[in-house]
Amino acid sequence: MADSVRLALSKAVSDASPPKPSFTNIDERIKYLNWLGEMSVRLKRRIPDYQTRIEFLETVWYESKRAGLDPAMVLGLMQVESGFRKYATSVVGARGYMQVMPFWSRVIGDGNAKMLFKMQTNLRYGCSILRMYIDMEKGDLYLALGRYNGSRGKPEYPNAVLANWKNWEYKK
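Keep in mind it's a predicted model, so treat the numbers as computed, not measured.

K.L.:
Just give me the short version of the overall build of the protein chain, but keep the residues and values in it.
P.N.:
Secondary structure summary: the protein chain contains eight helices and zero strands in total. For the protein chain, with 172 residues in total, the buried portion stands at 42%. In the protein chain, once contacts between residues fewer than 6 apart in sequence are set aside, the share between residues at least 24 apart is 54%. Per element, the accessible surface of the protein chain, about 9300 Å² overall, is 53% carbon and sulfur.

K.L.:
Would you mind going over unusual backbone geometry in detail, with residue names and values included?
P.N.:
A positive phi is found at Phe84, a non-glycine position, where the angle reads about 65°. Residue position: Phe84 is located in the loop between α4 (71–81) and α5 (103–107).

K.L.:
Can you explain the pattern of salt bridges? Please cite residues and give values.
P.N.:
Within this structure, the stated rule accounts for eight salt bridges. Residue Glu63 is joined to Arg66 by a salt bridge in which the shortest nitrogen-to-oxygen separation is 3.7 Å. Of this pair, Glu63 and Arg66 both sit in helix α3 (residues 50–66), three residues apart, which is roughly one turn of the helix. Glu63 gets classed as buried once you look at its relative accessible area, which sits at 1%. Ionic pairing is found between Lys171 and Glu169, a salt bridge with its closest N-O pair at 3.8 Å. Looking at Glu169, the relative accessible area reads 24%, which means it is partly exposed. What you see here is one network of salt bridges that share partners, running through Glu63, Arg66 and Arg124.

K.L.:
Just give me the short version of the environment of Arg46, but keep the residues and values in it.
P.N.:
As for its placement among the helices and strands, Arg46 is situated in the loop between α2 (26–43) and α3. Separated by 33 residues in the primary sequence, Arg46 and Gln79 have C-alpha atoms spaced 9.9 Å apart. What Arg46 contacts, discounting residues up to four positions off in sequence, is Gln79, Gly83 and Phe84.

K.L.:
How would you summarise the side chain of Ser82 if you had to cite specific residues and measurements?
P.N.:
By the secondary structure assignment, Ser82 is in the loop between α4 and α5. Look past the residues within four positions of Ser82 in its chain and what remains in contact with it is Ala88, Gly96, Tyr97 and Gln99.

K.L.:
Which residues make up the packing of aromatic side chains, and what values do they have?
P.N.:
By convention here, two paired aromatic rings are described through the distance between centres and the angle between planes. Per the stated rule, a full pass over the model turns up nine aromatic pairs. For the ring pair Phe84 and Trp168, a centre distance of 5.3 Å and an interplane angle of 65° mean the geometry is edge-to-face. With Phe84 in the loop between α4 and α5 and Trp168 in the segment after α8 (156–167), this residue pair connects regions lying 84 residues apart in the sequence. A relative accessible area of 3% means that Phe84 is categorised as buried. Grouped by ring-pair contacts, the aromatic residues Phe23, Tyr32, Trp35 and Trp61 constitute a single cluster. Over the ring of Trp165 we find Lys166, and its NZ or CZ is 5.5 Å from the ring centre.

K.L.:
Would you mind going over helix α6 (residues 119–136) in detail, with residue names and values included?
P.N.:
With 18 residues, α6 ought to run about 26 Å at 1.5 Å a step, and its terminal C-alpha atoms sit 26 Å apart, in line with that. When you tally the buried positions in α6, you get 15 out of 18 residues, the bulk of the element. Downstream of α6 by a residue or two, Lys138 has a phi angle that is positive, lying close to 55°.

Rules behind the numbers
Residues numbered from 1 in each chain as written. Predicted model: local features only at pLDDT ≥ 70, side-chain atom pairs only at ≥ 80, totals over all residues. Heavy atoms only, no water. Helix = DSSP H or I, 4+ residues; strand = E, 2+ residues; numbered from the N terminus. Buried < 20%, exposed > 50% of the residue type's maximum accessible area, 1.4 Å probe, protein only. Contact = heavy atoms within 4.5 Å. Areas by Shrake-Rupley, 256 points an atom, 1.4 Å probe, with all protein chains shown as cover. Salt bridge = Lys/Arg side-chain N within 4 Å of Asp/Glu carboxyl O. Phe/Tyr/Trp six-rings, centres within 6.5 Å; stacked < 30°, edge-to-face > 60°. Lys NZ or Arg CZ within 6 Å of the ring centre and 35° of its normal. Expected span 1.5 Å × (residues − 1).

Shown next, in the form of structure tokens:
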């Protein structure tokens, strides 16, 4: 990985915790609150605790938007990767909601792979890494998702994420 890419990713994952969203337009705030309410209902079975669920969704929204991603796509990816399980660990060692590989904590973070089980850290890394792959693939989501999962060129994973993305789209 080029030093410039490593530096940019390192900066992206080291910023402070997500702030509470503020909106200059009341319509945008209402849209966000409606999204939050709808996603909370949809996610209730998977994350039963209300406070945990709202905090999770606020973080998903913030980190997705921060990385220039659609929150529905990120939710679809997490459904495929971890089934929304905070402590999910794959057979190859990927961790957390977005199944981030521990080597990323050494490459762009502080080296503490245990932090990948922390909700905000996991979402920030996952969204930043996915954004990098989308940029590398010049916007081709199919190839970027394959890179993210380590299955580049195989249709099953990108197709699963894209199908689940549709399930998390917010429709008024």
